[in-house]
Amino acid sequence: MRSDREAPARTTGGAVSRGGVRFPWPWAVLAWVALLVAIVVSFRPAVPVIWGDTPSFVESALRTLEAGRPTVAGGRDPGYPAFLAMTFAFGGDLETVVRLQQAAWAVLVLALAATAQAATRNAGGLVPIILVATYPGLLLFRNVLTAELLFAVFLNLAMAGLLVATCVGKTARCCAVAASVLCAALAACFRSQGILVPIAAVVVGARLARPDTSARLAVIAVSVAAALALLAAGSRFGVSDSDQASVAFVPKTLFCNHLNIVLASDAARREIVSAAGDRADATMARLAADFAAEPDRWPVLGFFGDACLFDTVLDRDLADDTGNAVGAAAAYRRIFLAAVRDRPLAYAGKFVRQMAYGASVAWPPYGLDPAIPVSTDDVPHVSDIMTRHGRAAQPIDLQGGPVRIGLLSDFPGISAYLFRTLSTAFVIAVVFWTVTAVRRRRSRFLTRAGIVIVMWAASIVTVAGAHTLDVWRYLIPAVPMVGLMLSLFAVELARLIRLLCQRPYRSRNSRGAGPHIVRTLFRAT
């Protein structure tokens, strides 16, 4: 039997056929119309919504604008502040930021739809993308002044670039891979959660492109060099020492979100006693209190890690004689590494549990409130920051009130079940791909779905290893990749079922029909 790589395309009765599967063009037109309607209906007024991270981002943006280089406050990543600073520099305001985020979301949805159409050549592949376009978890971040939306855009454009590379010729393939690498680097600048995404994009892209001429090799080399420059200057690597919170942010995050392993490790406890000195007893008591705070808030992690993360007294207790953040960061890093060396299986078990949980809620029922809640406590804070930097904001710019999300958030009960079903379908799709990969059947589905799985894992593995996926917000940027995986899986499954229906049963009785169907399905893969 031919693989679908070899199956020729042909036109029959107004439909494109590949590998025996017909794709009537009217269904494709209908799917695109439905997608465009969903995009238009989803647009909301450009009202800026202030959340807890917004003040730090605004402060970082204004410092970046004044310094002329990436500068952060409060441990933020520099990509979003740089975006805000550029908007302010060209005369924009917070409403302009929201309009740009809405435009970026529309571009992302259209790019995903075009990628799904190119990869599946089936109108049915657009259905999960329509669900992505109506997903409240993404819709609400268009108005919220945080990095999630733009991180999601560049993350998924990087994945889409790799998928497009499987659909075009060698020269265009190198260009698609180069664009993917650059988008992956930009994603890492917006959130350090995506720091492994550029690595995955380079490794997967190199296998796809395989540049066999000097010009193609130069395109890939230039993109990798540009990505490294972006990461060096515009990611957390480039601004880690720009404020005290950034210096200790990563080591303290690792320390606090693995506090159960730290407290269970004798080696780590000795390091704490050594770092705290005379304050050792008080420090241990404080850590125990932080560990016991709100135990049910993060059930997968097992404790509420932010109680420790925002405990500023710990920084003073664990800092060296200089009392600065550098000493505290060194202490947190040393204690965490001692705990992991002492109890590596405990750390590995936490990581596996987090990844399994991330897959089980790969499409989280998030943002199902009728309107985006506004953090009124932070509105005066943002206003004070802008006034202090000579950019006084009008009250109407910051206090526009709640913004209605609409669409699926109007039916929270139904939507919650829908998203749980989609998460279950994603797990089934991954299992199906794994079986296909083990059987080593060469097919476009195996390659393309593998790309999506690798990029999805790269986008959440940092959170699974350093923080917790109890915070569903960290899973939201990867939801479009879940949608594309479901597109690929649905079309592949439909192809196999059609192939099965075209084969006569070799069994004469019904007892052998069921096993024969299963055998035929797996043989077809």
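Counting restarts for each chain: residues are numbered from 1 in the order of the written sequence. Only residues with pLDDT of at least 70 get local features here, since the model is predicted, and only at 80 or more are side-chain atom pairs given and counted; chain-wide, interface and lining totals rely on the full set of residues. Water and hydrogen atoms play no part in the side-chain values, which are based on all heavy atoms of the structure.

Tell me about helix H4 (residues 94-120), residues and numbers included.
Only DSSP runs of H or I reaching four residues or more are called helices, and only runs of E reaching two or more are called strands; each is numbered from the N terminus. One less than the residue count of a helix, multiplied by 1.5 Å, gives the span that helix is expected to have. Helix length check: H4, at 27 residues, gives a terminal C-alpha distance of 39 Å against a target of 39 Å (1.5 Å per residue), a fit within 8%. In protein, a polar contact requires one atom able to donate a hydrogen and another able to accept it; more generally it is a pair of N or O atoms within 3.5 Å, and residues adjacent in sequence count only if both atoms are side-chain atoms. Its side-chain oxygen placed 3.2 Å from the backbone nitrogen of glutamate 95, aspartate 93 serves as the N-cap of H4. Following H4 by one or two positions, arginine 121 adopts a phi angle in the positive range, close to 50 degrees.

So what about the environment of histidine 381? Which residues, and what values?
Mapped onto the fold, histidine 381 is located in helix H20 (residues 378-388). Histidine 381 sits 325 residues away from serine 56 along the chain, and the two C-alpha atoms are 9.8 Å apart.

Before we move on, could you go through the environment of alanine 188 and cite the residues and values that matter?
Note on placement: alanine 188 falls in helix H8 (residues 170-190). A residue is classified by how much of its surface remains accessible, and alanine 188, at 1% relative accessible area, is buried. Measuring from C-alpha to C-alpha, the distance between alanine 188 and leucine 231 comes to 7.3 Å, with 43 residues separating the pair along the chain. By definition, residues are in contact when any of their heavy atoms lie within 4.5 Å. Residues in contact with alanine 188, not counting those within four places in the same chain, are Gly194, Ile195, Pro198, Leu231 and Ser235. Any residue under 20% of the maximum accessible area for its type is buried, any over 50% is exposed, and the rest in between are partly exposed; the area is computed with a 1.4 Å probe on protein chains only.

Can you explain the confidence of the model for the protein chain? Please cite residues and give values.
The quantity called pLDDT is the predictor's confidence in a given residue, expressed from 0 to 100. On average, residues of the protein chain carry a pLDDT of 84, and 86% of them reach 70 or more. Of all secondary-structure elements in the protein chain, the lowest mean pLDDT belongs to strand E1 (residues 9-12), at 42, while helix H7 (residues 148-165) reaches the highest, 96. Here residues 1-22 scores under 50 on pLDDT; set against residues more than four positions off or in separate chains, the count is 42 contacts. This stretch, residues 506-510, has a pLDDT under 50; its non-local contacts, to residues over four places away or in other chains, come to 4 contacts.

Describe unusual backbone geometry, with residues and values.
At arginine 121, a position not held by glycine, the phi torsion is positive, near 50 degrees. With respect to the secondary-structure elements, arginine 121 resides in the loop between H4 and helix H5 (127-133). On the accessibility criterion, arginine 121 (38% relative accessible area) is partly exposed. Even without being a glycine, arginine 210 presents a positive backbone phi close to 45 degrees. In this fold, arginine 210 is placed in the loop between helix H9 (197-209) and helix H10 (214-234).

How would you summarise the packing of aromatic side chains if you had to cite specific residues and measurements?
A pair of aromatic rings is counted whenever rings of Phe, Tyr or Trp (Trp by its six-membered ring) have centres within 6.5 Å, and the orientation is called stacked for planes under 30 degrees apart, edge-to-face for over 60 and tilted otherwise. By the definition in use, this model includes 16 aromatic pairs. Relative to tryptophan 363, the ring of tyrosine 135 has its centre 6.0 Å away and its plane inclined at 80 degrees; by these criteria the two rings are edge-to-face. Linking tyrosine 135 in the loop between H5 and helix H6 (136-139) with tryptophan 363 in the loop between helix H19 (344-360) and strand E4 (371-372), this pair joins segments that are 228 residues apart in sequence. Taken individually, tyrosine 135 and tryptophan 363 each receive the classification buried, so the pair is uniform in this respect. An aromatic cluster is defined as three or more aromatic residues linked by ring pairs; in this entry it consists of Trp51, Phe141 and Tyr366. Two thresholds decide whether a charge sits over a ring: the Lys NZ or Arg CZ must be within 6 Å of the ring centre and within 35 degrees of the ring normal. Just above the ring of phenylalanine 57 sits the side chain of arginine 76; from NZ or CZ to the centre is 5.8 Å.

Account for helix H24 (residues 479-501), with residues named and values stated.
Over its 23 residues, H24 extends 33 Å from the first C-alpha to the last, a length consistent with the 33 Å expected when each residue adds 1.5 Å. The buried fraction of H24 amounts to 17 of the 23 residues, a majority that puts the element mostly inside the structure.

Could you give an account of the state of the cysteines, naming the residues involved and the relevant values?
Defined by distance alone, a disulfide is two cysteine sulfur atoms within 2.5 Å. Counted according to the given criterion, the structure contains 1 disulfide. Across the disulfide, cysteine 256 is cross-linked to cysteine 308 (sulfur-sulfur distance 2.1 Å). Negative torsions about the S-S bond denote left-handed disulfides, and the value of about -60 degrees found for cysteine 256 with cysteine 308 makes this one left-handed. Here cysteine 256 is found in helix H12 (residues 244-256), whereas its partner cysteine 308 is found in helix H16 (residues 306-309), with 52 residues between them in sequence. For the pair cysteine 256 and cysteine 308, one class covers both residues: buried.

I'd like to hear about the nonpolar core, residue by residue, with values.
With 151 residues, the main nonpolar core has Tyr80, Trp105, Phe255, Leu318, Trp363, Met455 and Trp456 as its most contacted residues. The contact partners of leucine 318, leaving out residues within four places of it in the chain, are Phe255, Ile272, Ala275, Ala276, Thr283, Gly327, Ala328, Ala331, Tyr332 and Ile335. Nonpolar core, defined: a set of buried Ala, Val, Leu, Ile, Met, Phe, Trp, Tyr and Cys residues in which side-chain atoms within 4.5 Å join the residues together.

Explain the side chain of aspartate 470 to me, using residue names and the numbers behind them.
Its place among the elements puts aspartate 470 in the loop between helix H23 (444-466) and H24. Charge assignment: positive for Lys and Arg, negative for Asp and Glu; neither His nor the chain ends contribute. When a carboxyl oxygen of Asp or Glu lies within 4 Å of a side-chain nitrogen of Lys or Arg, that pair is called a salt bridge. Of the buried charged residues, aspartate 470 lacks a salt bridge, with arginine 353 as the closest side chain of opposite charge at 8.0 Å. A distance of 3.1 Å separates the side chain of aspartate 470 from the backbone nitrogen of valine 300, its partner in a polar contact. Within the structure, aspartate 470 has its side chain in polar contact with the side chain of threonine 468 (distance 2.8 Å). Not counting the four nearest positions on each side in its chain, aspartate 470 is found in contact with Trp298, Pro299, Val300, Leu301, Gln354 and Tyr357.

Can you explain the pattern of salt bridges? Please cite residues and give values.
All told, the structure shown has 13 salt bridges when counted by the stated rule. For arginine 473, the salt bridge goes to glutamate 148, with nearest N and O atoms at 2.7 Å. One end of the pair, arginine 473, is in the loop between H23 and H24; the other, glutamate 148, is in helix H7, and 325 residues separate them in sequence. For the pair arginine 473 and glutamate 148, a shared accessibility class is recorded, and that class is buried. In this structure, glutamate 271 and arginine 334 form a salt bridge, with 3.1 Å as the shortest nitrogen-oxygen distance. Here glutamate 271 is found in helix H14 (residues 266-276), whereas its partner arginine 334 is found in helix H18 (residues 325-342), with 63 residues between them in sequence. Given a relative accessible area of 23%, glutamate 271 falls into the partly exposed group.

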